[in-house]
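So you can see what is in the structure, the chains are spelled out below.
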Amino acid sequence: MSDEHKMTPKDKLVYTITLAAIFGGVFLLGLIGLIINIFG
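Residues numbered from 1 in each chain as written. Predicted model: local features only at pLDDT ≥ 70, side-chain atom pairs only at ≥ 80, totals over all residues. Heavy atoms only, no water.

Asker: Account for the overall build of the chain, naming residues and giving values.
Answerer: If you tally the helices and strands in the chain, you get one helix and zero strands. Classification of the 40 residues of the chain by burial places 0% in the buried group. On the chain, roughly 4000 Å² of surface is accessible, and the fraction owed to carbon and sulfur atoms is 75%. (Helix = DSSP H or I, 4+ residues; strand = E, 2+ residues; numbered from the N terminus. Buried < 20%, exposed > 50% of the residue type's maximum accessible area, 1.4 Å probe, protein only. Areas by Shrake-Rupley, 256 points an atom, 1.4 Å probe, with all protein chains shown as cover.)

See below:
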């Protein structure tokens, strides 16, 4: 790995938050869709 691509703890935190936000958003959308299908 080159020096440009070294991940600092801050980069890792941002990356983790981004992944969590994407996963959480998809999960919530799926859950809402499921609830609408069951109770709708």
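Asker: Tell me about a nonpolar patch on the surface, residues and numbers included.
Answerer: A cluster of nonpolar residues, Phe-23, Phe-27, Leu-28, Leu-31, Ile-32, Leu-34, Ile-35, Ile-36, Ile-38 and Phe-39, forms a patch on the protein surface that exposes about 1100 Å² of accessible area. Within the fold, Phe-23 resides in helix α1 (residues 9-39). Overall, the relative accessible area of 61% leaves Phe-23 in the exposed class. (Patch = residues over 30% accessible without salt bridge, like charges linked within 9 Å, V, L, I, M, F, W, Y side chains within 5 Å. Salt bridge = Lys/Arg side-chain N within 4 Å of Asp/Glu carboxyl O.)

Asker: Give a detailed account of the packing of aromatic side chains, specifying residues and quantitative values.
Answerer: In the structure shown here, the tally under the stated rule is one aromatic pair. Between the aromatic rings of Phe-23 and Phe-27, the centroid separation amounts to 6.4 Å while the plane-to-plane angle is 15°, which identifies the pairing as stacked. Of this pair, Phe-23 and Phe-27 both sit in helix α1, four residues apart, which is roughly one turn of that helix. (Phe/Tyr/Trp six-rings, centres within 6.5 Å; stacked < 30°, edge-to-face > 60°.)

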